[in-house]
Amino acid sequence: MAGGPVTSLFRIYASRNNACRSRVLLSYQNYHSLRQFNNWVLDTYQSSSSFDVPLRQCSTSLADIIHSRLPLKNPQFSIFNSANARPFSSSVSDEDSNMVELDENKSLDFVENAGFEGVDGNRVGVVDVNESNVCNSVAIEEEQSKDAEGGKKIVGKTDVAFRDPVELYRELCTAEKNDRMKRTDWETLREIFSCFSISGWAANQALGIYIGMSFFHTAVRKFQNFFFKKCSAELAMHVVSLGPSEKAVRFLFPIFVEYCIEEFPEEIKRFRSMIRSADLTKPHTWFPFARAMKRKIIYHCGPTNSGKTYNALQRFMEAKKGIYCSPLRLLAMEVFDKVNALGVYCSLQTGQEKKFVPFSSHIACTVEMVSTDELYDVAVIDEIQMMADSCRGYAWTRALLGLNADEIHLCGDPSVLDIVKKICSETGDELHEQHYERFKPLVVEAKTLLGDFKNVRSGDCVVAFSRREIFEVKMAIEKYSNHRCCVIYGALPPETRRQQANLFNDQDNEYDVLVASDAVGMGLNLNIRRVVFNSLSKYNGDKIVQVPPSQVKQIAGRAGRRGSCYPDGLTTTLQLDDLDYLIDCLKQPFENVKKVGLFPFFEQVELFAGQLPDITFPQLLEKFGENCRLDGSYFLCRHDHIKKVANMLEKVQGLSLEDRFNFCFAPVNFRDPKAMYYLQRFAASYSQKVPVSIAMGMPKGSARNDAELLDLETKHQVLSMYLWLSQHFKKETFPYKERAEEMATDIADLLGQSLIKACWKPESRQGGKPRPQQKEDGHERHKGDGYRRPNSLVKLYKKQSGKKGAVKIMLLAESSDHDVGLRRREGCLLLIVKLFECDAHYFSSLQEKARERVTAGAFPEGSCIGNLAGTCKLN
Ligand SMILES: Nc1ncnc2c1ncn2[C@@H]1O[C@H](COP(=O)(O)OP(=O)(O)OP(=O)(O)O)[C@@H](O)[C@H]1O
């Protein structure tokens with residue numbers, strides 16, 4: 001309880017100027033200790049009587065106090081920005097944050113000095129301002145120590161500074177009307193209230209009294225009106241003296257709190273109930289059975305290919321009853337096969353399939369499918385660093401917190417070690433660490449492939465980050481060398497990926513090179529001699545970004561596995577200019593993750609929905625995201641994918657909240673309109689309470705072009721989705737499970753056959769949509785989304801080599817704008833152009849551009865423009 005309501009109130013009132021407030025609260029109620037006060041708060045809260053004291057902790061990081069007075073337009077004012085207000089996953093809307101709603105009936109008096117000042121400087125104009133902020137009348141009077149009507153003495157500002165905010169608020173309430181003030185003061189006050197309105201600190205603290213982010217601006221506006229109507233010259237003068245600063249905001253805040261408690265009891269009550277139902281704090285308490293156990297956690301901590309999983313699986317196999325939790329279906333299938341082959345009866349459970357092995361006491365499952373009800377002796381959670389994954393992290397967090405196992409083995413890199421320690425201290429579990437090193441160090445080949453696929457060797461795995469690139473690279477390798485390529489990427493079914501992996505691993509065929517996406521980073525045992533990065537940037541769904549170092553490490557680490565025919569791992573890049581980044585990534589220590597993912601259970605969303613009965617499901621998810629409370633070690637997992645499906649399902653009538661929630665987790669590629677169409681159709685049939693049919697034709701044979709290959713991929717995904725739904729809804733609602741399984745197996749075979757002969761140009765998955773336009777800069781761009789797809793090297797080569805007088809250029813680094821740029825390298829500057837041939841005239845214009853940048857002082861003295869570094873040969 002120590003961190004309970006008292007903390008929250010104390011935080012609100014504990015600013016230097018307002019330290020008296022906490023004392024006042026205590027003395028008012030005649031409580032002599034915080035404990036007594038705490039109990040009083042609890043009682044009041046539980047009885048929900050008129051005074052709704054918040055029972056709420058703020059996970060607030062206070063912004064630095066600004067001591068100086070700052071003009072509103074000053075860029076330093078960004079500290080008031082809503083960006084500071086992110087204790088939860090909500091953001092402060094600064095919509096109408098500067099609006100001032102003046103009194104409806106009364107005009108506001110203030111003393112004008114600008115332009116009215118008398119010769120002696122003491123006599124100034126007094127003007128009335130009505131609600132539209134127009135000056136009505138002018139009078140002349142003395143400024144300084146006396147007010148014209150009340151004759152009140154304006155006291156020193158320190159008097160006000162140390163007064164009890166409750167008293168100040170009471171005075172404001174009882175005041176008839178405001179004292180008049182100077183126009184400049186009035187304007188300063190307005191600026192101060194603008195600061196208040198956009199202050200992340202204040203919005204954050206207001207959550208402590210259940211003033212929600214969305215209501216905060218309205219509350220501040222009303223408070224401002226109240227303040228302007230009622231404030232005394234003394235109070236105004238003090239606030240003005242603080243200026244539009246955080247100091248002023250902090251001074252006003254406790255008065256604002258009093259005002260809100262009195263004026264908005266209903267809003268506070270409503271928001272409090274909403275917040276309570278979106279409470280994701282203390283997630284370890286969600287699993288009482290696991291908490292009742294004395295669990296031993298063993299963290300197998302090390303880089304890839306260091307034997308972590310091997311050792312954990314030894315314990316798994318020795319146990320009487322064990323569970324292995326995998327990040328991928330493929331890996332669950334691998335473990336299922338492996339341990340059964342070793343004589344340990346093990347069943348398989350993934351979202352799509354359940355394979356029950358009679359007498360089995362072990363299970364290999366995907367992490368989302370893990371049961372937190374069953375008891376196990378040993379559990380293994382593989383790739384534990386995925387707890388920090390922005391989308392799926394919650395599944396690992398749930399497994400760690402909720403597994404009922406005496407011994408839990410976590411395998412992963414060290415990035416989440418600290419946070420696991422923290423979680424174990426909260427859960428009371430005993431944590432043991434086992435550290436590992438790679439069996440053999442990973443060696444970087446500095447030579448690279450020099451941009452030439454002729455330098456590809458047997459046992460290479462060329463990594464590309466899009467399906468399109470994968471097929472382009474495969475085509476280029478097969479065209480310009482004697483190697484044949486297998487491919488592995490995320491859209492392929494696990495069975496096909498395995499088939500391709502086996503083809504590559506088998507030494508007795510011509511398929512000795514693998515071209516793969518980042519899907520190769522986890523789960524497959526591959527005989528890779530060298531990992532070659534085709535590029536080190538990828539499209540992240542929004543823009544092209546550099547591949548994060550952790551991912552580069554994970555992928556590069558696949559080279560040279562113990563027991564394979566290439567035990568020494570090598571890695572390099574296609575382009576020389578990518579080499580530095582590769583080395584940087586491999587050198588970087590593992591990042592220390594600060595937060596891990598969480599996502600609400602259906603029951604939590606349902607409870608929340610009870611507070612907001614009249615909104616749609618997507619709106620509900622949005623609101624939950626805005627209002628949920630999280631402890632400092634957790635973040636709410638991204639649910640864009642879920643929201644997209646939820647939006648689509650809005651067209652389907654008659655689904656319950658639970659149905660909608662479940663449908664949203666179905667594995668569907670929301671960028672694939674055909675797959676989305678099928679999901680909607682399945683949901684529509686389901687809502688009409690008719691058995692959901694597959695209604696999908698089987699392809700006649702393997703694919704003859706990329707469009708047909710894409711069609712096979714989509715069909716398999718739809719079947720996979722049907723199978724998933726059949727496992728997550730009542731059996732009779734999706735009765736064609738066996739048929740779907742047969743079809744999926746056949747399509748996976750067809751995909752395998754298709755890939756063996758695939759040598760065609762990759763297509764877009766966007767169905768009938770127009771193809772992206774080719775822009776002058778040589779990059780394709782999708783309308784509106786700013787995505788620039790890297791060009792096909794093969795295509796570029798062909799295009800450029802047709803030019804008259806072309807010179808062959810290989811430049812050392814790729815610019816950020818894919819056109820031309822400069823980069824510092826080993827103390828000098830290099831002119832950078834993307835790898836392609838261009839004519840001499842174009843090249844010299846680029847050189848000129850580079851010189852201009854150097855002359856303009858963009859780079860340090862002594863920099864020079866590098867010259868051609870080699871020759872690009874693609875044929
Ligand atoms: N003690 C051992 N005896 C025989 N083979 C081993 C041993 N330890 C590991 N291996 C083999 O070495 C390879 C890598 O081991 P493992 O998969 O456990 O590494 P890892 O650190 O979990 O890597 P990743 O994180 O990439 O999965 C596997 O093929 C595994 O079978």
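All residue numbers refer to position in the chain's written sequence, counted from 1. Two thresholds apply to this predicted model, a pLDDT of at least 70 for residue-level local features and 80 or more for giving and counting side-chain atom pairs, whereas whole-chain, interface and lining totals are computed over all residues. Excluding hydrogens and water, the side-chain figures rest on all heavy atoms present in the structure.

The name recorded for the chain in an unreviewed UniProt entry is ATP-dependent RNA helicase SUV3L, mitochondrial, from Dovyalis caffra. UniProt positions are given in the numbering used here, feature names are shortened, and annotations may be inferred rather than shown by experiment. You can read under Catalytic activity (unreviewed entry) in the UniProt record for the chain the words "ATP + H2O = ADP + phosphate + H(+)". Looking at the chain in UniProt, the text filed under Subunit (unreviewed entry) is "Homodimer; in free form. Component of the mitochondrial degradosome (mtEXO) complex which is a heteropentamer containing 2 copies of SUPV3L1 and 3 copies of PNPT1."

K.L.:
Could you give me a rundown of the pattern of salt bridges, with the residues and numbers involved?
P.N.:
What counts as a salt bridge is simple: a side-chain nitrogen of Lys or Arg found within 4 Å of a carboxyl oxygen of Asp or Glu. One pass over the structure, following the stated rule, counts 36 salt bridges. Across the pair E353 and R329 runs a salt bridge whose closest N-O atoms are separated by 3.2 Å. You can see E353 sitting in the loop between β7 (346-349) and β8 (354-355) and its partner R329 sitting in helix α14 (residues 329-341), a full 24 residues away along the chain. The exposure classification of E353 matches that of R329, with both residues buried. Linked by salt bridges that have partners in common, E445, D460, R529 and R530 make up one network. Segments assigned H or I by DSSP are reported as helices when at least four residues long, segments assigned E as strands when at least two residues long, and all are numbered from the N terminus. Each residue is placed in one exposure class: buried if its accessible area under a 1.4 Å probe, protein chains only, is under 20% of its type's maximum, exposed if it is over 50%, and partly exposed if it falls in between.

K.L.:
A description of the environment of T745 should follow, citing residues and the corresponding values.
P.N.:
Mapping T745 onto the fold places it in helix α27 (residues 737-757). Put simply, T745 and L719 are 26 residues apart on the chain and 9.8 Å apart in space, counted from C-alpha to C-alpha.

K.L.:
With reference to specific residues and values, describe the state of the cysteines.
P.N.:
Working definition: a disulfide is two cysteine sulfur atoms within 2.5 Å of each other. Evaluated as defined, the whole model comprises 0 disulfides. You can see C486 has no disulfide; the closest cysteine sulfur is in C485, sitting 7.7 Å from it.

K.L.:
Can you break down the site of the ligand residue by residue, with the values?
P.N.:
What makes a residue near a molecule or strand is one non-hydrogen atom of that residue sitting within 4 Å of it. Near the ligand lie 14 residues; those nearest to it are K308, T309, Y310, R558 and R561. Throughout this description, a polar contact denotes any pair of N or O atoms lying within 3.5 Å of each other; where both atoms belong to protein, one of them has to be capable of donating a hydrogen while the other can accept it, and for residues adjacent in sequence the pair is counted only when both atoms sit in side chains. Contact distances for the ligand include 3.1 Å between an oxygen atom and a backbone N or O atom of G307. Take T309: an N or O atom from its side chain is 2.5 Å from an oxygen atom of the ligand. Method for areas: the Shrake-Rupley scheme with a 1.4 Å probe, in which residue coverage is limited to the protein chains shown. Coverage of the ligand by the protein chains reaches 80% of its 620 Å² of free accessible surface. Residue composition of the shell around the ligand, by class: 3 nonpolar, 6 polar and 5 charged. Gly falls in the polar group here, along with every residue not listed as nonpolar (Ala, Val, Leu, Ile, Met, Phe, Trp, Tyr, Cys, Pro) or charged (Asp, Glu, Lys, Arg).

K.L.:
I'd like a description of the confidence of the model for the chain, backed by residues and values.
P.N.:
The quantity known as pLDDT measures the predictor's confidence residue by residue, on a range of 0 to 100. With 69% of its residues at a pLDDT of at least 70, the chain reaches an overall mean of 73. Two numbers describe this predicted complex: its pTM, 0.65, and its ipTM, 0.98.

K.L.:
Help me get a handle on the side chain of R530, residues and values and all.
P.N.:
Within the secondary structure, R530 sits in strand β17 (residues 530-533). For R530, a relative accessible area of 5% corresponds to the buried category. Among the polar contacts made by the side chain of R530, one reaches the side chain of E445 at a distance of 2.6 Å. A contact between two residues is defined here by any heavy atoms of the two lying within 4.5 Å. In contact with R530, other than residues within four places in its own chain, are E445, L449, N455, V456, R457, G459, D460, C461, A559, L570, T571 and T572.

K.L.:
An account of the pairing of strand β9 (residues 362-366) is needed here, citing residue identities and associated values.
P.N.:
Burial within β9 is extensive, with 5 of its 5 residues counted as buried. Judged by which residues are buried, β9 turns out to be covered on both faces: H362, A364 and T366 on one side and I363 and C365 on the other are all buried. Pairing between strand β6 (residues 322-326) and β9: 5 bridges, direction parallel. If you follow C325 over to β9, its bridge partner there is C365. Two strands pair under a simple rule: DSSP has to find at least two bridges between them. Of the strand pairs in this sheet, β7 and β9 are connected by 4 bridges, and their pairing is parallel. Opposite Q349, over in β9, you have C365 as the bridge partner.

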